Amino acid sequence: MSTEIRQVGVVGCGLMGSGIVETVARHGYPVVVREVTPELLQVGLARVRASMSKAVERGKLTPAEMDAALGRITGTTTLPDLAGCDLVIEAVVEDITVKREVFGQLDRICPPHAILASNTSSLSITEIASVTKRPDKVLGMHFFNPVPIMPLLEMVRTILVSDEAFALARRFGEGLGKTVVVAKDTPGFIVNLLLIPYLLDAIRALESGVATKEDIDTAIKLGLNHPMGPFTLLDFVGLDTALFIADAMFAEFKDARYAAPPLLRRMVTAGLLGRKSGKGFYIYA
Ligand code: NAD
């Protein structure tokens, strides 16, 4: 078991992958990021540059630090280019078939000491680990969006992961400036376990006519001092993502608290996904 992480790999350069790449590079690590096509890689790397430029504008990063961080990032469409990594963080689409395929490939490509982490929000780390020959080195590193700004890192511990691998990944996460909390490999971990039933209850309250969505949002903002109400938050998260996580939690727990209300399912079917589709509970220009 290596005692140090020198080179980091990231698989997927979408919303989360690009944020992870930026954060890791800004903390001094060389990072290799893999996307499926050169076009998607360019889009992902452009997102990294745009986010760092914003950090420079806000005085959080100097132009020289930005150049140095960008110089530590290598983009590729070839997974074997991650062969030299001590830690790989996977941030591909939330689809167990794709994740199992990626972890099977990583297990064959990466050196035996390498730790393989998934950024999944709702899938089982144990199931992902089961396709590898190193389940003692597979764990969850659940970052929050936007990764460079959000201070929390939920780490997910399976019953198979070794203390050494977990401690090394934890030190790495703390070295990125994140506050680490540790959860068992159970759907929703900590944050979504509590957040999803709350969001579903807000929709149920709307469905049963307790109040308007505007008043529910205002009540939570001003009554509980949350930065935003549940419907604004649902539009941010994406209604499809919220539904996907709720369904995964219901499948595991068979508890009515996690059962998606009909309105959520209808809105997703209708393409009302929130900010990303321009319309959800609210309309975005
Ligand atoms: P996204 O769709 O923005 O990005 C996923 C990227 O993965 C895409 O660019 C896609 O081209 C790429 N990809 C697919 N298959 C690949 C492969 N085999 N190799 C390399 N790249 C591949 O999705 P996202 O929002 O960044 O989510 C990624 C992961 O992070 C998911 O597991 C999601 O549950 C989790 N997550 C998301 C959030 C969030 O707020 N969006 C928060 C925490 C965790």
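Residues numbered from 1 in each chain as written. Predicted model: local features only at pLDDT ≥ 70, side-chain atom pairs only at ≥ 80, totals over all residues. Heavy atoms only, no water.

A.B. asks: Got a minute to help me understand the overall build of the protein chain in this structure?
C.D. replies: Assigned secondary structure in the protein chain consists of 11 helices and eight strands. Its C-alpha atoms give the protein chain a radius of gyration of 19 Å, near enough to 19 Å, the size a compact globule of 285 residues would have. Restricting the contact set of the protein chain to residue pairs at least 6 apart, pairs at least 24 apart contribute 66%. Of the roughly 13,300 Å² that the protein chain leaves accessible, carbon and sulfur atoms contribute 58%. Distance from the positive charge centre (30 side chains) to the negative charge centre (31 side chains) of the protein chain: 1 Å. (Helix = DSSP H or I, 4+ residues; strand = E, 2+ residues; numbered from the N terminus. Rg over C-alpha atoms; globule rule 2.2 N^0.38 Å. Contact = heavy atoms within 4.5 Å. Areas by Shrake-Rupley, 256 points an atom, 1.4 Å probe, with all protein chains shown as cover. Lys, Arg positive; Asp, Glu negative; His and termini not counted. Charge placed at Lys NZ, Arg CZ, Asp CG, Glu CD.)

A.B. asks: Explanation requested: the environment of Val-181 in the structure shown.
C.D. replies: With respect to the secondary-structure elements, Val-181 resides in strand 8 (residues 179-184). The sequence separation of Val-181 and Ile-220 amounts to 39 residues, and the corresponding C-alpha distance is 25 Å. Not counting residues up to four positions away in its chain, the partners in contact with Val-181 are Leu-152, Leu-153, Glu-154, Met-155 and Ile-190.

A.B. asks: What am I meant to see in the packing of aromatic side chains here?
C.D. replies: Two numbers describe a pair of aromatic rings. These are the distance of the centres and the angle of the planes. Under the criterion given, the structure shown has three aromatic pairs. Measuring from centroid to centroid gives 5.2 Å for Phe-253 and Tyr-258, while their planes differ by 40 degrees, and the two rings are tilted. Take Phe-253: its relative accessible area is 32%, and that puts it in the partly exposed class. Its end group placed over the ring of Phe-166, Arg-157 keeps NZ or CZ at 4.5 Å from the ring centre. Over the face of the ring belonging to Phe-236 we find Arg-275, whose NZ or CZ atom lies 4.4 Å from the ring centre. (Phe/Tyr/Trp six-rings, centres within 6.5 Å; stacked < 30°, edge-to-face > 60°. Buried < 20%, exposed > 50% of the residue type's maximum accessible area, 1.4 Å probe, protein only. Lys NZ or Arg CZ within 6 Å of the ring centre and 35° of its normal.)

A.B. asks: What is the right way to read the packing of helix 8 (residues 213-224) against helix 9 (residues 230-237) from this model?
C.D. replies: A pair of packed helices is characterised by two quantities: the angle between their axes and the separation of those axes. Relative orientation of the contacting elements helix 8 and helix 9 amounts to 100 degrees, with a least axis distance of 7 Å. In this view, helix 8 runs roughly perpendicular relative to helix 9, as classed from their interaxial angle. Of helix 9, the residues touching helix 8 (which contributes Lys-213, Ile-216, Asp-217 and Ile-220) are Pro-230, Phe-231 and Thr-232. The residue inventory of the contact of helix 8 with helix 9, partitioned by class, reads four nonpolar, one polar and two charged. (Axes fitted to C-alpha atoms, helices over the stretch in contact; angles between N-to-C directions. Parallel < 35°, antiparallel > 145°, perpendicular 65-115°, else oblique. Nonpolar A, V, L, I, M, F, W, Y, C, P; charged D, E, K, R; others polar.)

A.B. asks: When you look at the pattern of salt bridges in this model, what are you seeing that I'm missing?
C.D. replies: Side chains that differ in sign of charge can pair as their charged atoms come close. Counted under the stated rule, the structure contains 14 salt bridges. In this structure, the salt-bridge partner of Glu-127 is Arg-100, at a minimum N-O distance of 3.7 Å. Here Glu-127 is found in helix 5 (residues 125-129), whereas its partner Arg-100 is found in helix 4 (residues 96-109), with 27 residues between them in sequence. A residue is classified by how much of its surface remains accessible, and Glu-127, at 37% relative accessible area, is partly exposed. Across the salt bridge formed by Asp-247 and Arg-265, the nearest N and O atoms sit 2.9 Å from each other. With Asp-247 in helix 10 (residues 239-253) and Arg-265 in helix 11 (residues 262-269), the pair connects residues that are 18 residues apart, well separated along the chain. Residue classification places Asp-247 among the partly exposed residues on the basis of a relative accessible area of 31%. (Salt bridge = Lys/Arg side-chain N within 4 Å of Asp/Glu carboxyl O.)

A.B. asks: Sorry if this is basic, but what is going on with the packing of helix 7 (residues 191-207) against helix 11 here?
C.D. replies: Two elements in contact, helix 7 and helix 11, have axes whose closest approach is 8 Å; the angle formed by their N-to-C orientations is 95 degrees. Our classification of the angle between helix 7 and helix 11 gives roughly perpendicular. Contact residues: helix 7 offers Leu-200, Ile-203, Leu-206 and Glu-207, while helix 11 offers Pro-262, Leu-263 and Leu-264.

A.B. asks: So what exactly am I meant to see when it comes to unusual backbone geometry here?
C.D. replies: Glycine aside, residues mostly have negative phi, and peptide bonds are mostly found in the trans state. Between Asn-145 and Pro-146 the backbone carries a cis peptide bond, its omega angle lying at -5 degrees. Along the chain, Pro-146 turns up in the loop between strand 6 (138-143) and strand 7 (152-157). Unusually for a residue other than glycine, Phe-189 sits at a positive phi of about 50 degrees. With respect to the helices and strands, Phe-189 occurs in the loop between strand 8 and helix 7. Accessibility expressed as a relative area gives 2% for Phe-189, which makes it buried. Notably, Asn-225 is not glycine yet its phi reads approximately 65 degrees, a positive angle. Overall, the relative accessible area of 70% leaves Asn-225 in the exposed class.

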